Amino acid sequence: MSAALGINRPGVIVAHHSGWGHTAALADAVAEGARLAGATVTTLAVDHITEEQWTVLDEADAIIFGSATYMGNVSAGFQTFAELSSRRCMTGAWRDKVAAGFVNSGSKSGDKLHALMSLSVLAAQHHMHWVNLGLFPGWNSSTSSEQDLNRLGFFLGAGAQTDTDVSAEQVHKSDVLTCRHLGGRVAEVTAQLLAGRAGRAAAA
Ligand SMILES: Cc1cc2nc3c(=O)[nH]c(=O)nc-3n(C[C@H](O)[C@H](O)[C@H](O)COP(=O)(O)O)c2cc1C
């Protein structure tokens with residue numbers, strides 16, 4: 001638990017890379033979900049990260065990673081951040097923090113599962129606890145719709161799709177709600193974990 005925050009308000013960071021703003025709009029939705037669920041939230045664009053922001057990451061209870069999908073993987077901007085985090089891998093600075101992820105692509109699939117898997121592997125390398133999306137797949141029957149939550153049917157994290165010719169304000173409503181759900185779920189799971197740790201410490 002971040003010392004300053006207290007057990008009921010977990011500190012959640014949304015650490016993302018977005019070249020043209022579409023994934024950044026989804027990061028805002030993730031952040032809103034976490035905030036509505038009671039977390040104290042900071043959103044960081046990882047391609048302009050300062051020493052002070054690295055400290056913010058180190059002090060967080062949970063980090064939600066997000067990236068645009070470029071060439072079937074996380075963007076170079078995100079991967080640069082991942083590589084820069086390697087020293088923390090060695091020291092265990094992020095060990096036992098909660099982690100989750102969201103990705104966005106131009107095509108409905110666009111191989112973005114691969115990008116999401118990269119985010120989960122990054123979390124594993126840091127010995128973090130990965131939280132999945134926790135939603136049933138939507139838009140997969142004759143009676144369902146593109147407006148369903150989790151319309152692209154992801155389990156590992158949130159998967160979004162933005163038409164390549166629209167503005168960041170036009171990210172899909174279903175994806176916004178799905179990302180908001182992910183933020184809320186991470187805040188809730190993190191609060192549970194912190195309460196459990198506090199309970200064990202009190203009982204010891
Ligand atoms: C260099 C580059 C590579 C891309 N590769 C993929 C890809 O592999 N799959 C896909 O579906 N979309 C791909 N796209 C489309 C982006 O994922 C899509 O436009 C996304 O909304 C960009 O998000 P951003 O505005 O946050 O950068 C690519 C775009 C660029 C610029």
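Residues numbered from 1 in each chain as written. Predicted model: local features only at pLDDT ≥ 70, side-chain atom pairs only at ≥ 80, totals over all residues. Heavy atoms only, no water.

An unreviewed UniProt entry annotates the protein as Flavodoxin family protein originating from Streptomyces durmitorensis.

A look at the UniProt feature "domain: Flavodoxin-like" (unreviewed entry) in the protein
Note the threshold: UniProt positions are given in the numbering used here, feature names are shortened, and annotations may be inferred rather than shown by experiment. Here a helix means four or more residues in a row that DSSP labels H or I, a strand means two or more in a row labelled E, and each is numbered from the N terminus.
Annotation from UniProt places "domain: Flavodoxin-like" (unreviewed entry) at residues 12-187. From the first C-alpha to the last, residues 12-187 spans 7 Å; its make-up is 39% helix and 21% strand.

Looking at the site of the ligand
The condition is simple: Any residue with a non-hydrogen atom lying within 4 Å of a molecule or strand is treated as near it. Here a polar contact means two N or O atoms within 3.5 Å. Within protein one must be a hydrogen donor candidate and the other an acceptor candidate, and residues neighboring in sequence count only if both atoms are side-chain atoms. Note on areas: Shrake-Rupley with a 1.4 Å probe; residue coverage comes only from the protein chains shown.
Inspection of the region around the ligand gives 17 residues, with Ser18, His22, Thr23, Thr69 and Tyr70 positioned closest. Take His22: an N or O atom from its side chain is 2.6 Å from an oxygen atom of the ligand. Separating an oxygen atom of the ligand from a backbone N or O atom of Gly72 is a distance of 2.8 Å. Against a free-state accessible area of 640 Å², the protein chains account for coverage of 77% of the ligand. Among the secondary structure elements, those contributing two or more residues to the shell around the ligand are helix 1 (22-36), strand 3 (62-70) and strand 5 (98-105). Here the shell around the ligand takes 3 residues from strand 3, the largest share from any one element.

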